[in-house]
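Below are the chains, spelled out letter by letter.
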Amino acid sequence: MHRASRSRFIHSPVAHAVLSLVSCTMLGLGHGGPAYAQSPVPTPGQAQELPGVKTSDGAPVLLRSSSMLAEQPPGGPGIGLPTVVFGNRVSGRPDLEIVVEGEAELRRGGSAIRADRIEHDQPTDVVKARGNVRVNSSGNLYNGPELEIKLDTFEGFFLTPDYRFLQNDGYGTADRIDFLDDKRLVAHNATFTTCQRGEGPSWMPAWIVKATTLKLDREADVGEASGGVLRFMNVPILAAPTFSFPLSDKRKSGVLPPTLAIDSLSGTAVTVPYYFDIAPNRDATFSPTLMSKRGVDLAGEFRYLEPAYRGELRASLMPGDRLRNSNRWSYNYVHGGGLDTRIAAIGGVGLSLNLNRVSDNNYWRDFPRAGNSLTQRLLANDATVSWGRGYFTTSLRTLTYQTLQDVTSTIIPPYDRLPQLTATYARVNVPVAGLEGLDYSITTDYTRFESDRSLTRQPNGNRAFALAQVSRPWIRPGGYITPKLMLNTATYQFDGPLANGARTASRTVPTFSLDSGLTFEREAGYFGRAYTQTLEPRAFYVHTPYRDQSNLPNYDSGANDFNFATVFTENTFVGNDRISDSNLLTLGLTSRLLDPKTGAEALRVGVAQRLRFKDQRVTLPGGLPVTDRFSDLIFGASIGVAPAWALDTTVQYNPKTNISERSTVGARYNPGNYRVISTSYRRQRNVSEQFDVGWQWPINDLWGDKGKDLGAGRGQGAGRWYSVGRLNYSVPDKKFVDMVLGIEYDGCCWIGRVVLERTQLGQVLAGSSSNSTSIKFQLEFVGFSRIGANPLKTLKANIPRYQYLREQGTTPSRFTNYD
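All figures in this text were calculated on a predicted structure; none of them were measured in a lab. (Residues numbered from 1 in each chain as written. Predicted model: local features only at pLDDT ≥ 70, side-chain atom pairs only at ≥ 80, totals over all residues. Heavy atoms only, no water.)

Draft legend 1. Structural detail: the overall build of the protein chain. Regarding its fold elements, the protein chain presents 4 helices and 50 strands. Relative to its full complement of 819 residues, the protein chain shows a buried share of 41%. The long-range fraction of contacts in the protein chain, counting pairs at least 24 apart against all pairs at least 6 apart in sequence, stands at 48%. Accessible surface, the protein chain: about 42,200 Å² in total, of which carbon and sulfur atoms supply 57%. (Helix = DSSP H or I, 4+ residues; strand = E, 2+ residues; numbered from the N terminus. Buried < 20%, exposed > 50% of the residue type's maximum accessible area, 1.4 Å probe, protein only. Contact = heavy atoms within 4.5 Å. Areas by Shrake-Rupley, 256 points an atom, 1.4 Å probe, with all protein chains shown as cover.)

Draft legend 2. Layout of the side chain of Thr 213. With respect to the helices and strands, Thr 213 occurs in strand 15 (residues 207-217). You can call Thr 213 buried: its relative accessible area is 18%. Beyond its immediate stretch of four places on either side in the chain, Thr 213 contacts Val 186, Ala 187, His 188, Glu 224, Ala 225 and Ser 226.

Draft legend 3. Examining the confidence of the model for the protein chain more closely. Scored by pLDDT, the protein chain comes out at a mean of 83, with 83% of its residues at no less than 70. This stretch, residues 12-42, has a pLDDT under 50; its non-local contacts, to residues over four places away or in other chains, come to 46 contacts. Confidence drops under a pLDDT of 50 for residues 763-769, and excluding neighbours within four residues, the segment shows 9 contacts in the predicted structure. (pLDDT = per-residue confidence, 0-100.)

Draft legend 4. Quick look at the packing of aromatic side chains. This structure, assessed with the given rule, holds 31 aromatic pairs. On the numbers, 6.4 Å between centres and 40 degrees between planes, the contact of Tyr 492 with Tyr 555 is tilted. One end of the pair, Tyr 492, is in strand 33 (residues 479-494); the other, Tyr 555, is in the loop between strand 36 (529-544) and strand 37 (558-559), and 63 residues separate them in sequence. Comparing Tyr 492 with Tyr 555, the two get one shared label, buried. Ring plane angle 55 degrees and centroid distance 4.6 Å describe the contact between Trp 721 and Tyr 745, whose orientation is recorded as tilted. Placement of the pair is Trp 721 in strand 46 (residues 720-730) and Tyr 745 in strand 47 (residues 735-746), with a sequence separation of 24 residues. Classification of Tyr 745 by relative accessible area gives buried; the value is 18%. Among the aromatic residues, those joined into a cluster by ring pairs are Tyr 142, Phe 154, Tyr 163, Phe 165, Phe 179, Phe 192, Trp 207, Phe 232, Trp 721, Tyr 745, Trp 750 and Phe 781. The ring of Tyr 391 carries the charged tip of Arg 427 above its face, separated from the ring centre by 3.9 Å. (Phe/Tyr/Trp six-rings, centres within 6.5 Å; stacked < 30°, edge-to-face > 60°. Lys NZ or Arg CZ within 6 Å of the ring centre and 35° of its normal.)

Draft legend 5. Region of the structure containing the state of the cysteines. Using the criterion set out here, one finds 1 disulfide in the structure. In this model Cys 195 forms its disulfide with Cys 749; the gap between the sulfur atoms is 1.9 Å. An S-S torsion of about 70 degrees defines the bridge between Cys 195 and Cys 749 as right-handed. Residue Cys 195 is found in the loop between strand 14 (184-192) and strand 15, and its partner Cys 749 is found in the loop between strand 47 and strand 48 (750-760); the two are separated by 554 residues along the sequence. In this pair, the class of Cys 195 matches that of Cys 749, namely buried. Cysteine Cys 748 is unpaired, with the sulfur of Cys 749 as its nearest cysteine sulfur at 6.0 Å. Judged by relative accessible area, Cys 748 falls into the partly exposed class, the value being 28%. (Disulfide = S-S within 2.5 Å.)

Draft legend 6. Up close: the environment of Ser 580. Locating Ser 580 in the fold gives a position in the loop between strand 38 (573-574) and strand 39 (582-594). For Ser 580, a relative accessible area of 1% translates into the label buried. Distance from Ser 580 to His 543, taken between C-alpha atoms, is 9.8 Å for residues 37 residues apart in sequence. With near-sequence residues (within four places) excluded, Ser 580 lies in contact with Thr 544, Glu 570, Asn 571, Thr 572, Phe 573, Gln 616 and Val 618.

Draft legend 7. Structural context of the nonpolar core. If you look at the biggest cluster of nonpolar residues, it comprises 46 residues, and the most contacted ones within it are Ile 113, Trp 207 and Leu 214. Here the element with the most residues in this core is strand 15; it accounts for 5 residues. Excluding anything up to four places from it in sequence, Trp 207 contacts Phe 192, Thr 193, Thr 194, Cys 195, Leu 230, Arg 231, Phe 232, Cys 749, Trp 750, Phe 781, Val 782 and Phe 784. Counting residues in each nonpolar core, the second largest holds 12 residues, with Tyr 415, Met 486, Tyr 492 and Tyr 555 among its members. (Core = buried A, V, L, I, M, F, W, Y, C linked by side-chain atoms within 4.5 Å.)

Draft legend 8. Quick look at the pairing of strand 40 (residues 601-612). Across 11 bridges, the pairing between strand 39 and strand 40 is antiparallel. If you follow Thr 590 over to strand 40, its bridge partner there is Gly 606. Hairpin remark: strand 39 followed by strand 40, antiparallel, with 6 residues in the connecting loop; positive phi at Gly 599, about 80 degrees. With 6 bridges joining them, strand 40 and strand 41 (residues 633-639) adopt antiparallel strand pairing. Each bridged residue has a counterpart across the sheet, and for Ala 608 the counterpart in strand 41 is Ile 634. (Pairing = 2+ DSSP bridges.)

Draft legend 9. Representation of the pattern of salt bridges within the structure. On inspection of all chains with the given rule, the structure shows 40 salt bridges. Between Arg 303 and Asp 283 there is a salt bridge, and its shortest N-O distance comes to 2.6 Å. One end of the pair, Arg 303, is in strand 23 (residues 295-305); the other, Asp 283, is in strand 22 (residues 282-291), and 20 residues separate them in sequence. Owing to a relative accessible area of 37%, Arg 303 belongs among the partly exposed residues under this scheme. A relative accessible area of 2% places Asp 283 in the buried class. Here Arg 726 ties to Asp 692 by a salt bridge, and the two come within 2.9 Å at their closest N and O atoms. Of the two residues, Arg 726 sits in strand 46 while Asp 692 sits in strand 45 (residues 688-698), which places them 34 residues apart along the sequence. (Salt bridge = Lys/Arg side-chain N within 4 Å of Asp/Glu carboxyl O.)

Draft legend 10. Examining the environment of Ala 225 more closely. For Ala 225, the location among the structural elements is in strand 16 (residues 222-232). Classification of Ala 225 as buried rests on a relative accessible area of 0%. Sequence separation between Ala 225 and Lys 215 is 10 residues; the distance between their C-alpha atoms is 6.5 Å. The residues contacting Ala 225, other than those within four sequence positions of it, are Val 209, Ala 211, Thr 213, Leu 214, Pro 241, Thr 242, Phe 243 and Phe 245.

Draft legend 11. Broad picture of unusual backbone geometry. Omega for the bond connecting Leu 418 with Pro 419 falls within 30 degrees of zero, at -5 degrees, which places this linkage in the cis form. Its place among the elements puts Pro 419 in strand 29 (residues 416-432). With a phi close to 55 degrees, Phe 154 is a non-glycine residue in the positive phi region. Looking at where Phe 154 falls in the secondary structure, it is placed in the loop between strand 9 (140-150) and strand 10 (155-159). Here Phe 154 falls in the buried class, since its relative accessible area comes to 5%. In this structure, Cys 748 takes a positive phi of about 80 degrees despite not being glycine.

Following this line, the structure appears as C-alpha cells:
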C-alpha cells in the first residue's frame, strides 16, 4: 500500500479496543482494512472495558481516562501494548512485516523510534531502522545511522550513536551500543560527560570520560568504565583499568573518590573510602587515611535504619601515631527508637544510646573535627531504657563521662548517674470533685551520683526526690489564668559525712504560682501593608517559702540563664538540688504584627522584669543572696517585615547602673537563592564580646553581572564565582577566634571549591600553634563524581542558610524529552 500523505497505523492484540481513544484513521494492509467508528470517550474517572481482552486471571481490562500522563507505561502479564507507526508510505503484509518510509516513526509504550526507513518483523518483533535514526526510550535519547532492536525486550545494537540520558543529563558518543534490555547497555569506544555542547566546531567539554567499554545500568544507576580516563580541561586526572561511577544519587558499593586535605596538625591527609551498600536500610564505609605527620588512620562507619529505630557507629584506629608515640582510637555510637515487644499490652519500650570514648586526653586537640560531641573535652556515655503506657512513663538511665583533662586547665567533671530511675504519671483536663479541667502530675526520681572526690570535694551519694503539681487553667480567646500548686521533696544518703557531720539529709519545699495573660487585637496598617496588631500583657507570680539547703551537696543544679524563656518559671535554678525561695512578680508585655491572611509574624517586640518582694536566700555553693528588688530588664525584638531582611535582638539592661549587662543583635539579608549575609554581635559585660559574620554571595554581582539566572536547583549558569565564609572575632583578644573562608566556582557541568578552616584549640604542645588550620580542595563533576576533600559539611554547619550549588531536585519526567 502506498500513499502520498503521511499515514498512521496501529497493530496489536488490543488495537480494536484502543481505537476509541485514538483520534486517527486506521489503515488496513493488503486490500485495505475495515473502518471502525469511534466509541464515546469515557468521562474522567469513568472506566471503560476493553472488549475481548482479559488479564492473566481472566478479569476484563479496564481503561480509565486521566488528565495525567503515566511516568511508567502500562505493561505486565496479559497486557499487550499497541504499536503505532507513522510515515509517508506504509506497506507490508498482515501479521508478517510492516515497512514505513519517509519520516518514519514507530511507538510502543515508553519507546519511540524515528528514521528515514523502519522495518518491523512482527513474528520476531525485531525493528530495523536506517538513516537519521532517533530513539527515545523513557526520556533517554539516542541518535545514529543504523539500529536493530527487539521491541519487547529492547535487545539489539546501535551503530555510531550519540546519546543523552534523562536522569543526570549525561551525554556521549560510541562506535557501537549493545542494548541488553531497556535498562542496561554496553557502549564501545565511548565517551561520557554532563557538559552541554556549546557553539563552535572546536568545542571541547570541560570534563569527559573516555573508555574502551562503558557499561551503564540505569536500574541500579551505576556506570562502569573499562580502560577509562577522566580528563579535566583536557588534562588526564584519573585513569584506571576499571572504575565505576553513579548515574544518580542512588547508593552503590565500591571505591569512592579519594579525598585530599592539608591540616596543620596532621599534615597532608589522603583518604580512599570504600562504600558497602549492604541493604536498602544498612550501609557501611571504610575510610583508611594516610597522614604525612602521623601515619595511617583506619576509620569506619556503619549505619542502619528500621521503621522503629535507627543507629550509627563510627570508629577509628591509628596504630603508632608518630607524633604521640602511641596507639590512638575513638568510637561514637548513637542509637534511638523503640523496641519491638510483639505484645501490645506491654506498651511502648524505647532504647536510647549515645556512647563516646577516645584513647587519651590529647585526642580532642589532635583531631578536633573527629568528635561527635558538643563538648570536646566531656564525652558522654548515655544509655536509657524507657517504657510508657497510658498516663504512666518510666525510664532507667546510666550516664557517665570521660573527661579529657589538661594540667593547664583542669575540668571539674559532672557527676555520673549510676543509675537514674524516673517515673511520671500525668493527666490533663481531669474532672475531680466537680472541678473540670484539672492538670496534675507526679514525678519521682532515684539517682546514684558518683564522681572523683579529689575534684568535687563533696561526698558521693544517693538522692530520691518527688515532685507533685496540680493546676487549673482557665483559657479564653481574650486571655488565660492558671493557678498551680507544687510540692518538691528530696532525701539524700551519702558515702561520707557532710561538713556538719551528717550522712543523711532531706528537704521539702512547697510552691504556689499564678500565671495570667490577656490578648488585645486591632487592625492596623504599617509600611503600606495591613496587619493584625496584638498587645499581650502577662503577669506571673510565684511564692516559695525559704528552706535551708546550704548543707546539701550540689549534684546537678545550676543557675538558669536569664531570658524570656526562663523569666516566667517557678525556680531560678535548673536541676533538683536547689529550689529557690521566691516571693516575686514577673511582668511582661509583648506586641506582634501578624499577616491577617496567613498569620505569619512580621514583627515581635517584648519586655519583661521581675519585682522581688523579699530577698532570695537560697544560693548555689559560693553564691550570694539576691537582694535587688527589681531585676534587670529584658528587651527583645524580632523583625521580618521585608521578606529579604530579618533582625533579632535581645538586651539585658541594668536600671541601677544604666548599663547593658548582655546584648545580642543578629541580622540576616537573604534577597534570593545563593545570596545570604548573616551578622551578629554578642556581648556579656566583663566576660566576652564577639562579632560574627557569615555569607554566601555570587562574586559576579559585585562586578555588576546580574543577568544570569540564580534559580534554585540545577542550571545556575556557567562561569559564576561565589564567596563563602564565616568570621568570628573576639574584641578582648583582638583576633579572629574561628574562621572559614572559601571560594566556589560553578562551571555548569563542574564545580570547584577551595575552603580554609581555622579553629582555636588553646595550647596544644610546647612551641606549637594553638590553632588547627586545614585547607580543603574539591572538584565536583556534576552527575558523575567528586574528587578531593568534602567541605560541604563545614560550609553547611558554619554558614546560616548556605545552599548547595547543585541541590537535588525532583526526578525528571520521561516527558521532558518527549517528542
